[in-house]
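# An overview of the molecular structure
What follows is the residue order along each chain.
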Amino acid sequence: MKLLRVGSAGTERPALLDEDNTLRDLSGIVPDIDAGLLADEAAFGRVREAAAAGRLPELAAGAETGAARVGPPLSGIGKVVCIGLNFHDHARETGAAIPKEPIVFMKAPDTVVGPDDTVLIPRGSEKTDWEVELAVVIGRTARYLASHEEALACVAGYAIANDVSERAFQIDRGGQWDKGKNCETFNPLGPWLVTADEVPDPQALTMRLWVNGEIRQDGTSADQIFPVAEVVRYLSHFMTLYPGDVISTGTPAGVAMGQPEPKPYLREGDVVELEIAGLGRQRQVMKSA
């Protein structure tokens, strides 16, 4: 299933995109797409049954229906855990050594915005950068997982994330990476939460990103140093993962930081578009905060 949330910020309603690309209203079956739904197999079953039986009303995309905007596909996110330098080609382009263990940092859930929402370049920014990432959405509580099979069984689905980063804040200003990762609007997510059954191999997904129509990233999740199953297993030994938690699993080569001088960092008016095979597409316009 492709689950999404549509409507103005803070008042989104749950929806489903069916096989004919028709938007269907889920609000008569579930109150929202959130941790409660992800952890409730019976509720998930009701959604599947209604979709298969054709009982979901069509939700026309337009301002009059409240469906003009696509919001983040998940409400009430518990935590956003990110993995840095998780692609071989990205590590090479930045001159970094291949990590021996996953590099872990956090983004606050309030950085999450819709896939096509405006991204704000923070005041004082010198090096705002883009990163197309495969986001993993947790559907079962995960702690001390012993195997990759157990790890994948805890995954509810997948989505696209843009791990927007301010490199001067992240690297040049000292301290931890969090300063350059947690500016407002720095985590566009969606458009859909694609359930795990529709992604049989998360290590076989093409990932692309364009800036002002010029392709900048063109990679594949096959190049991940630590695959999705290992990332989930590994994290479960350092923190408990709960339904509704999101993991961003790293970006391929092609970020601005890895380009020759003058590096093409983002400025007001730039347009960023990104896609992952089967997970949809995002588009953001940059604006000064």
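Each remark here, short or long, concerns the structure printed above.
Each chain carries its own residue numbering, running from 1 in the direction its sequence is written. In keeping with the predicted nature of the model, local features appear solely for residues at pLDDT of at least 70, side-chain atom pairs appear and are counted solely at 80 or more, and the whole-chain, interface and lining totals rest on all residues. Working from all heavy atoms in the structure, the side-chain values ignore hydrogens and water.

Turning to the pattern of salt bridges, a few remarks are in order. The salt bridge criterion pairs a side-chain nitrogen of Lys or Arg with a carboxyl oxygen of Asp or Glu, the two atoms within 4 Å. Across all of its chains, the model carries 21 salt bridges by this definition. Where salt bridges share partners, they join K107, D129, E131, D163, R167 and K181 into one cluster.

Whether two strands pair depends on DSSP finding at least two bridges between them. Going along the chain from the N terminus, every DSSP run of H or I of four or more residues is numbered as a helix, and every run of E of two or more is numbered as a strand. The 5 strands lie next to each other as β7-β18-β17-β14-β15, forming an open sheet whose pairing is mixed. Edge positions in the sheet fall to β7 (119-121) and β15 (214-220), since each of these pairs with one other strand and no more. Ignoring strand direction, the axes of neighbouring strands in this sheet form an average angle of 20°. Pairing analysis gives 5 bridges linking strand β14 (residues 206-211) to strand β17 (residues 271-276), with the strands arranged antiparallel. Bridge pairing in β17 links V211 to V272. Angular values range over 0 to 180 degrees, each being the angle between N-to-C directions of two axes fitted as lines to C-alpha atoms, with helices fitted over their stretch in contact.

This part covers the sheet that holds strand β9 (residues 132-138). The sheet built from 9 strands is open, its strands ordered β3-β2-β1-β13-β10-β9-β16-β4-β5 with mixed pairing. Each having just a single partner strand, β3 (23-25) and β5 (103-107) make up the two edges of the open sheet. When strand polarity is set aside, the average angle formed by the axes of neighbouring strands in this sheet is 30°. As defined by bridge partners, β9 adjoins strand β10 (residues 155-162) across 7 bridges and the pair is classed as antiparallel. When the bridges of β10 are listed, E133 appears paired with A161. Contacts are residue-level and defined by heavy atoms, with any inter-residue pair within 4.5 Å sufficient. Sheet strands in contact with helix α6 (residues 228-235) are β4 (80-84), β5, β9, β10 and β16 (246-248), and its direction is about 55° off that of β9.

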